[in-house]
Amino acid sequence: RKTVWIDAQDGALLGWREEVRFTAGTVVAVVDDRYPMAGTTTAPMSGVSLGNTTSSLSGTFSTPGSPPEALGWGPDGTWVNVESADSFGQASFTDTLTEGGIVTAQAGASAGNTEVRRTLAQTQVHVSTMVARAKSLEIDPGFGWANQQVRANVNDDSTTCNAWYDGQSINFVRQGGGCNNTARVADVVYHEYGHGFHAWSIVQGQGEFDPALSEGLSDYLTVTITGDHGMGRNFVQ
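Below: a short report on this structure. (Residues numbered from 1 in each chain as written. Predicted model: local features only at pLDDT ≥ 70, side-chain atom pairs only at ≥ 80, totals over all residues. Heavy atoms only, no water.)

Concerning the side chain of Thr 129
(1) Moving on: Here Thr 129 is to be found in helix α1 (residues 113-139).
(2) Moving on: Judged by its relative accessible area of 1%, Thr 129 is buried.
(3) Moving on: The residues touching Thr 129, leaving out its near neighbours within four places in the chain, are Val 80, Ile 170, Val 189 and Tyr 193. (Helix = DSSP H or I, 4+ residues; strand = E, 2+ residues; numbered from the N terminus. Buried < 20%, exposed > 50% of the residue type's maximum accessible area, 1.4 Å probe, protein only. Contact = heavy atoms within 4.5 Å.)

Here you go:
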């Protein structure tokens, strides 16, 4: 969409100006600073759909329109599908973008403590899954699962103090039994993603899934991300 200037005498093109405007910004999520009780921080949300655009790996995006612009999105992304099993369902976020500004995924100001916890589980699992994916690709750029959309099920109430990889998805439970919501402990998300990293790295016909080896590999992946031998801090409340 252009504004064009022409010569009044001979109709020659003198110049033009593009009238389509794009607003640039960054989308971030409020997450636990590695685990509950450590406070919160913000981290980029990768591959999320905001209207007619999708955020980059670093959370940046641009969208047609003039600021301020109201945007809405969810915890799903290109590489992670977040499903919440609790009654609150999948979280949804809205924020107003100003030029070069930041929009933030977090529970609304009127949310109760329970809803805040359930929402943190969804934003944390999105961010932590992307961190584990990046580290796995650093180790093996040809890692096949990185090209798949990983399903992350959170806020499960079928048990407590547990998380698991079931061959297709990573799964996390609500707080209870003296343990925190396992999706909110970044180390646990890294660990469960590590099982998928192991499974997808097996050369079919030459190797097979070894549970004990997979536990060790998943622990090792976690520690290489955090640089801390104290894996799973604050798993227990």
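What follows continues from the structure just given.
As for the environment of Thr 119
(1) Moving on: Tracing the backbone through its elements, the reader meets Thr 119 in helix α1.
(2) Moving on: With a relative accessible area of 8%, Thr 119 lands in the buried category.
(3) Moving on: The residues touching Thr 119, leaving out its near neighbours within four places in the chain, are Ala 91, Phe 93, Gln 106 and Ala 107.

What to know about the packing of aromatic side chains
(1) Moving on: According to the stated counting rule, one finds six aromatic pairs in the structure shown.
(2) Moving on: Taking the centre distance of 4.7 Å and the plane angle of 75 degrees together, the rings of Phe 143 and Phe 197 count as edge-to-face. You can see Phe 143 sitting in the loop between α1 and β12 (150-156) and its partner Phe 197 sitting in helix α2 (residues 186-201), a full 54 residues away along the chain.
(3) Moving on: Here Trp 145 and Tyr 165 contribute two aromatic rings whose centre-to-centre distance is 5.6 Å and whose plane-to-plane angle is 75 degrees, an arrangement assigned as edge-to-face. Here Tyr 165 lies in strand β13 (residues 163-165) and Trp 145 lies in the loop between α1 and β12, a separation of 20 residues in the sequence. The exposure classification of Trp 145 matches that of Tyr 165, with both residues buried.
(4) Moving on: Connected via pairs of aromatic rings, a cluster forms that spans Phe 143, Trp 145, Tyr 165, Tyr 193, Phe 197 and Trp 200.
(5) Moving on: Positioned above the aromatic ring of Trp 16, the side-chain terminus of Lys 2 is 5.1 Å from the ring centre. (Phe/Tyr/Trp six-rings, centres within 6.5 Å; stacked < 30°, edge-to-face > 60°. Lys NZ or Arg CZ within 6 Å of the ring centre and 35° of its normal.)

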